[in-house]
Amino acid sequence: MTLRKVGFGGLALAAALALGVSGCGGGGLTSGSDKSSDDSAGPIKLGMVAPTSGSSAAIGPYMKNGAKLAIDEINKKGGVDGRKLKLVVEDGACDPKTAAAAASKLVTAKVTMSVGGYCSGATLPTLSIFNKAKIPMLIPAANSNDLVDQKLPNVFLVNGTGTQQAAAAVKQMKKQGVKSVALIDDNTSYSKDITTKTAEDVKSDKSLKVVSKQSVTAGESDYSAAVTAALKNHPDFIYWTGYYQEGGLLIKQFRQAGYNKTIMVADGSVDTKLIDIAGKKNAQGVLATMTQTPQTIPGGDKWVAKYKKQFNSDPGPYSTQSYDAVRIAAKAMTDAKSTQSDKIIDALENIDGFKIFSGPLKFTPQHTLTSGGFEILIVKGTKLVLDS
Amino acid sequence: MDHLVQLVLNGLFVGSFYALVALGYSMVYGIIKLLNFAHGDIYMLGAFAGFAILTFGGGALGGGSSLLTLVIVMIMAMVLTGSAGLVLERVAYRPLRGSPRLTVLITAVGASFALEYGIALWAGPNPEVYPVQLKSTTVHLLGARITINQLVMMAIAVVLMIGLDLIIAKTRSGRAMRAISQDPKACLYMGINVDRVISYTFFIGSALAGAAGVMAGAYYGKIDFLMGFIIGLKAFTAAVIGGIGNVRGAVLGGVLLGLLESFGTAFLGSEWRDVFAFGFLIAFLTVKPTGLLGEKVTERV
């Protein structure tokens, strides 16, 4: 209780400070209620909590660049309602404490909407911070069901959920006529969510059985214990639901232990580093459940070229979702003709058929995508391509 | 049966890494009673030194991914990490010698962070993939699988350990080390250059950790700036189990911890691996705080 009080007090103080500063800078240009005075001047700030350090540091720049690309496009066309958009990025480090601090910073910086969120475990604590500050969130990457289970009105997922990903995984297992499956997660919210949902889905199917469920600790090098345990019951299929660093090591160690059947990874492992770490030979034929990417969408190469031109590197995981999150944010604010939280949320709920990478957008009542748009990728050479 | 043999092999392999790192922990503690918490990061430094040598000088070494290249790189990295250990001792620990133990312990933790984030600044926070990935030929041993590389690495670890044991038992510096661990003040009166011997200890301990780092990098293929943290804790556990301050105990503790983890996870599930390892540490500290081979220390007044 006291903590919460302090939090409110801190927010109030921060808000008062921010108002004071803007009042000075504005030089009496603005008048009327405090809310509208802040609304109508200067650029509209979009906040993003993304990892630029820590174990998932590789992802941060991908997300930031994706969002930047959309913002530049929108600004070139005159912005939203005559105001330019501005991106404010804070490092979440894929760590709950750091992410919560980053979210508070964004609240203090008076962002209108949030378009960030990568690791589910680190995104969870930011939800209530943004909710209290009445900031609508479009989460581009984090996709644990835990996020929507909070039932917060300001939270929207631009990525498919764990349930949708698990369904895609089980569909692939059935397609391959698999009998026994080993599931491995890294004990994080995102990863555990997918394995739990996959195990539930498998349970309702008589021809399929989960023979082993392992959890590993992220950040270690030796997973021989988990590998040996998973292989004890000779599974036909292995599904790893964590991130690429451990994923690469696991693939390598499974292959070294003589396992030559199918290994599949979840979208957190979709990064070419996975292939580097596993070794090119070991990674061949590894499958992945992934939402659609520009590489797999007709006409997507044009987008990739544009991205490459601006940032001098290839887009990575969640560049597209971040790009889309910004575009959806702009669309919602344009539709709402306002930057007020309630109106934006209404506008988001009413969006129907807006074209984003994963198909025409319409949010479900739970604020998730109507279709997850998950598809199966396969490792060929040094790339992950669409499995045909 | 196959499964059991596999568990033993897994345990021995991981244990040999723990043992190599635990040696430095134990030696430093034995001589100046300091828990060098930056030691795990020296292991990480070794992995990155090897990475740098292979990246910038890979061509000069023939660029091959043979074990010989690895051994050459390992020796170079050992010299580098050994020197890093010397600098660490000179900069962070020597000025504080004689200060309360807590002060030095906190310095060690600080040194650990400095090393970790220093490397993160230099090499970036992303994990790096080792430029040399050893090709592995698998052999079957009593129904279990092990690669030739694993066997060679275990052999290298054993050679290094035997070498260290010989240094401590047979050489003048080794004798000096043992003497200082008994009574540093008396050694000073006897004309032993205590500072030099302590430096020497740091050099050897850090070189061994560096060797383990290069081997881990080449074998697992992935290195990152936080890789030393967990292995540092595990090596500390191994050193305590074996009796901290005792060199042979550190080896025994490392191998034992590897085996314990291997079997513990087989019966409890892999999410229990660290719980099991550190639970064992707590059990040892309560039941036999001196460890397996440690001697009971009587405080002399």
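It should be emphasised that the depicted structure is a prediction, and the values quoted were computed from it without experimental measurement.

Rules used in this analysis
Residues numbered from 1 in each chain as written. Chains lettered and ligands numbered in written order. Predicted model: local features only at pLDDT ≥ 70, side-chain atom pairs only at ≥ 80, totals over all residues. Heavy atoms only, no water. Phe/Tyr/Trp six-rings, centres within 6.5 Å; stacked < 30°, edge-to-face > 60°. Helix = DSSP H or I, 4+ residues; strand = E, 2+ residues; numbered from the N terminus. Buried < 20%, exposed > 50% of the residue type's maximum accessible area, 1.4 Å probe, protein only. Pairing = 2+ DSSP bridges. Expected span 1.5 Å × (residues − 1).

All names here are of chain A. Per the stated rule, a full pass over the model turns up 23 aromatic pairs over all chains. Look at W303 and Y323: their rings are 5.2 Å apart centre to centre, the planes differ by 70°, and that puts the pair in the edge-to-face class. With W303 in helix 13 (residues 300-311) and Y323 in helix 14 (residues 319-336), the pair connects residues that are 20 residues apart, well separated along the chain. Classification of W303 by relative accessible area gives buried; the value is 6%.

Residues and elements named next belong to chain A. Extensive coverage of strand 13 (residues 374-380) is indicated by the burial of 6 of its 7 residues. Pairing analysis gives 5 bridges linking strand 10 (residues 287-291) to strand 13, with the strands arranged antiparallel. Paired with M290 across the strands is E375, a residue of strand 13. Taken together, the 4 bridges between strand 13 and strand 14 (residues 383-386) define a ladder with antiparallel strand orientation. The residue of strand 14 that forms the bridge with I378 is V385. Between the antiparallel neighbours strand 13 and strand 14 lie 2 residues, among them G381 with a positive phi of about 65°.

Residues and elements named next belong to chain B. An ideal rise of 1.5 Å per residue puts 22 Å on 16 residues; helix 9 (residues 227-242) measures up with 23 Å between its terminal C-alpha atoms. Of all 16 residues making up helix 9, 13 are buried, and the element is well covered by its neighbours. One or two residues past the end of helix 9 sits G243, with phi positive at roughly 105°.

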